[in-house]
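Structural description and commentary
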Amino acid sequence: MKAIKKLLSSKASGSIIDRVIKNSSIILAGNSTASALNLISFTLMANQIGPEFLAILVLCQTYALIYNDLFNIQTWESMIKYGNTQNKSFTVKDIIFTNMFLDVASAIIAFSLAYSLALSTAQLFDWDNSYVEYIALYSVTILFNITTFTIGIPRFFNKFSVVSKVFVATALLKLIAILIARGTDQAFVTYIYIYLVVEVITNVSLVLYSLKLLANKYGGDWWIRKLKINKDQIRFLWWTNLRTIIRIPVRHFDMIVISAVMPMATLGVYKVYKEFAGLITRIGEPVNQALYPEFTKLIGSSNSEESIDITKRAMRLLSLVGLAMGVVFMLASNSVIEHFFGAEYTSSIAALYLMIVLYILSFITVPINSLFIAAGFAKYSVYLLLFTNSIYLLSAFGFGQLYGIYGVIIAFAIQLFFNKGLKVFLMMKHSKDWDTVVR
């Protein structure tokens, strides 16, 4: 504790770090509980309906997710950044209204396209025509994915605990519904309805809560105003959403590479290692969620130096946590993998150790990601994503053929180095006007 206190010598920095720790803990606790309940629900359902029908449900979710990412504008980052930016021309209510308008309009467009193109998509990929009804039905969830309200407003007002409670409550509701469906031997389509309805309830609950927050803060008529277009905000939205679109195909490149240059058994081993080491990422994500609003507040009030100081202090603190996690993961990994998956999965255990080290480094440098977007580097984030993932793909193919599973991990290390290193370089090069310029 004394070492941690030394890291927080500035009162201002200390209070922000305290908030980040508190909010991260709340998010982690909520996400962990909800994930555990969802895993139980998923297991019970999978055992009941079998792999074929489970694949249809996964297809429905993936189809809706792709159309949502392609055509439904993700506004929450813009909402938080520009809501915390001091601008005489645009009030916070103007920013919220603009984001809401874009969010709702794009959600309607995304749903309309997903619903109307279900048959064409099924024919394109040679899916069974019986799937069309299901994927069209599940597309309804897109209409309720209004990120201004489901993500932006709660984080803007630091209401992380309420969001966590909603996730846990709806995960519990899903588990109860699936238990009832299993007990009454319901048809497969019942489970699609359960997942669809619970997803809608989750988003509607967050939307209603956000509207209540806005009414309490700004009055019930906050939304009665003219639409004002902030050109910087629109540019920011364009680049952050382009980044989301680009991420769609690259998320699974490692699996594609391994299946192309190595035996399928190696792919299975790598998948297990990635899931195990990926627990570190799930711990780091709440830190990212809690840091981003704090950075936007500081940068929005032209206090960029303080945001840099917070980044350094947060990384020192995360280094202590990361070191402890690394030791635990290293000591436990071999026995955990062997016990739960089998001795054959420990054949390349040194590769897992290397993955753990890299994931810990990624965990420690999480604040760099939050600061980069909060500082307005939306366009550069797209270029960086294209550049680093191109390097990763080429390296993974080359090193994968030479060194097997280790080659893919080396490629990830190269990608991590360039991604974080170039972000730091760009922020040092463009250290001014973070509150006004979108780069």
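These lines cover the structure that appears in this document, whether it is placed above or below. Every chain's residues receive numbers from 1 upward, in the order its sequence appears when written. Where totals are concerned, whole chains, interfaces and linings use all residues; where local detail is concerned, this predicted model gives features only for residues with pLDDT of at least 70, and gives and counts side-chain atom pairs only at 80 or more. Side-chain figures throughout are based on the complete set of non-hydrogen atoms in the structure, without hydrogens or water.

**Overview of the overall build of the chain**
Rules: Helix and strand assignments follow DSSP, with helices taken as H or I runs no shorter than four residues and strands as E runs no shorter than two, numbered in order from the N terminus. Here the term buried applies to any residue with accessible area under 20% of the maximum for its type, exposed to any over 50%, and partly exposed to those in between, with areas from a 1.4 Å probe on protein chains only. By the convention used here, residues are in contact when the closest approach between their heavy atoms is within 4.5 Å. Accessible areas in this description were obtained via Shrake-Rupley with a 1.4 Å probe; residue shielding takes into account the shown protein chains only. In this charge count, Lys and Arg are treated as positive and Asp and Glu as negative; neither His nor the chain ends contribute. Note on charges: their place is set at NZ of Lys, CZ of Arg, CG of Asp or CD of Glu.
The helix and strand tally for the chain stands at 17 helices and zero strands. In terms of principal-axis extent, the alpha carbons of the chain reach across some 60 × 45 × 40 Å. For the chain, buried positions account for 50% of its 439 residues. Sequence separation of at least 24 residues holds for 84% of the intrachain contacts in the chain that already meet a minimum separation of 6. As displayed, the chain has an accessible area near 21000 Å², and 66% of this comes from carbon and sulfur atoms. Side chains of the chain carry 37 positive and 24 negative charges; the gap between the two charge centres is 12 Å.

**Looking at the nonpolar core**
The nonpolar side chains of a soluble globular protein tend to be buried with one another. In plain terms, the rule: We define a nonpolar core as any set of buried Ala, Val, Leu, Ile, Met, Phe, Trp, Tyr and Cys residues linked to one another through side-chain atoms lying within 4.5 Å.
Core analysis: the largest hydrophobic core is formed by 68 residues, its most contacted members being Tyr 270, Tyr 273, Ile 280, Leu 352 and Ile 356. The biggest single contributor to this core is helix H12 (residues 264-300), with 15 residues.

**Quick notes on the layout of surface pockets**
To keep things clear, this is the line we draw: For each structure, a 1 Å grid was placed over the protein atoms alone; sets of points admitting a 1.4 Å probe that cannot get out are labelled cavities, open sets with protein on both sides within 12 Å along at least five of seven lines are labelled pockets, and lining residues have an atom within 4 Å of a point. Grid points are joined across faces, edges and corners, and a volume is the space filled by probe spheres set on the points. Nonpolar residues are Ala, Val, Leu, Ile, Met, Phe, Trp, Tyr, Cys and Pro. Charged residues are Asp, Glu, Lys and Arg, and all others, Gly as well, are polar.
Estimated volume of the second largest pocket: approximately 310 Å³. What lines the second largest pocket is a set of 17 residues, and nearest its centre among them are Ile 21, Val 287, Leu 317, Leu 318 and Val 321. Of all the secondary structure elements, the ones that give two or more residues to the lining of the second largest pocket are helix H2 (11-71), H12 and helix H13 (304-341). For the lining of the second largest pocket, the leading source of residues is H2, giving six residues. Residue composition of the lining of the second largest pocket, grouped by class: 15 nonpolar, two polar and no charged.

**Regarding the environment of Arg 235**
With respect to the helices, strands and loops of the structure, Arg 235 is situated in helix H10 (residues 231-250). We classify Arg 235 as partly exposed; its relative accessible area is 34%. Separated by 178 residues in the primary sequence, Arg 235 and Ala 413 place their C-alpha atoms 31 Å from one another. Residues contacting Arg 235, with those up to four places away along its chain left out, are Lys 379 and Val 438.

**Section: H13**
How we decide: Each helix should span, by expectation, one fewer than its residue count multiplied by 1.5 Å. Bend, in this description, refers to the angle at a residue between axes fitted to the seven residues ending there and the seven starting there.
Compared with the 56 Å implied by 1.5 Å per residue over 38 residues, the 48 Å span of H13 between its first and last C-alpha is markedly short. The largest bend along H13 measures about 45 degrees and falls at Ser 333. A positive phi of about 120 degrees marks Gly 342, the residue just after H13.

**Considerations on empty space enclosed by the protein**
Over the atoms rolls a probe the size of a water molecule, and its path tells where empty space is left. In total, this model carries one cavity of 30 Å³ or more according to the counting rule given. In this model, the largest cavity occupies a volume close to 40 Å³. Every residue lining the largest cavity is listed: Tyr 82, Thr 85, Asn 87, Phe 90, Ile 95 and Asn 230.

**Observations concerning the packing of helix H7 (residues 147-156) against helix H9 (residues 188-218)**
When two helices pack together, their arrangement is given by the angle between their axes and by how far apart the axes lie. Counted only if it meets this: To define axes, lines are fitted to C-alpha atoms, for helices over the stretch in contact only, and angles between the resulting N-to-C directions are given on a 0 to 180 degree scale. Relative orientations are named as follows: roughly parallel for angles under 35 degrees, roughly antiparallel for angles over 145 degrees, roughly perpendicular for angles from 65 to 115 degrees, and oblique for any other angle. It is the rotation of the near helix from the far one that decides the hand of a crossing: anticlockwise by less than a right angle makes it left-handed, clockwise makes it right-handed.
Taken N-terminus to C-terminus, the directions of H7 and H9 make an angle of 40 degrees; their axes are 8 Å apart at the nearest point. Relative to H9, the element H7 is oriented oblique. Every pair of crossing elements has a handedness; the one defined by H7 and H9 is left-handed. Where H7 approaches H9, its residues Phe 149, Thr 150, Ile 153, Pro 154 and Phe 156 are matched on the opposing element by Asn 203, Leu 206, Val 207, Ser 210, Leu 211, Leu 213, Leu 214 and Tyr 218. Looking at the contact of H7 with H9 residue by residue, the classes come out as ten nonpolar, three polar and no charged.

**A look at a nonpolar patch on the surface**
Spelled out, the test is: What makes a patch is a set of residues exposed beyond 30% relative accessible area and free of salt bridges, joined within 9 Å when like-charged and within 5 Å when nonpolar (Val, Leu, Ile, Met, Phe, Trp, Tyr). What counts as a salt bridge is simple: a side-chain nitrogen of Lys or Arg found within 4 Å of a carboxyl oxygen of Asp or Glu.
Side chains of Leu 354, Leu 402, Tyr 403, Tyr 406 and Ile 410 sit close together on the surface and give an oily, nonpolar patch of about 460 Å² of accessible area. For the nonpolar patch, the elements supplying multiple residues, two or more each, are helix H16 (378-403) and helix H17 (405-429). Following the sequence through the fold, Ile 410 ends up in helix H17.

**A look at unusual backbone geometry**
The bulk of non-glycine residues show a negative phi, and the bulk of peptide bonds are trans. In this model, Asn 158 sits at a positive phi of 60 degrees, which is unusual for a non-glycine residue. By secondary structure assignment, the location of Asn 158 is in the loop between H7 and helix H8 (160-183). Positive phi outside glycine occurs at Ser 302, with the angle close to 60 degrees. Look at Ser 302 and you get exposed, because its relative accessible area is 55%.

**Details of the packing of aromatic side chains**
Put simply, the rule reads: Any two rings among Phe, Tyr and Trp, with Trp reduced to its six-membered ring, count as a pair given centres within 6.5 Å; such a pair is stacked if its planes are under 30 degrees apart, edge-to-face if over 60, and tilted if neither.
As enumerated under the stated definition, the model contains 18 aromatic pairs in all. With 4.8 Å between their ring centres and 25 degrees between their planes, Phe 53 and Phe 188 make a pair best called stacked. Of this pair, Phe 53 sits in helix H2 while Phe 188 sits in helix H9; the two residues are 135 residues apart in sequence, bridging distant segments of the chain. For Phe 53, a relative accessible area of 36% corresponds to the partly exposed category. Given the relative accessible area of 10%, Phe 188 is considered buried.

**Looking at the packing of helix H15 (residues 366-374) against H17**
Running from N to C, H15 and H17 cross one another at 45 degrees; their axes reach a closest spacing of 10 Å. The angle between H15 and H17 places the two elements in the oblique class. H15 and H17 meet at a crossing whose hand is left-handed. Of the residues in H17, those touching H15 at Val 366, Ile 368, Asn 369, Leu 371 and Phe 372 are Asn 419, Lys 420, Lys 423, Val 424, Leu 426 and Met 427.

**Brief notes about the side chain of Asn 389**
Selection criterion: In protein, a polar contact requires one atom able to donate a hydrogen and another able to accept it; more generally it is a pair of N or O atoms within 3.5 Å, and residues adjacent in sequence count only if both atoms are side-chain atoms.
Its location among the elements puts Asn 389 in helix H16. Its relative accessible area of 8% is what places Asn 389 among the buried residues. Here Leu 385 takes part through its backbone oxygen, which lies 2.8 Å from a polar atom of the side chain of Asn 389.

Purely geometric stuff here, so don't read any function into it on its own.
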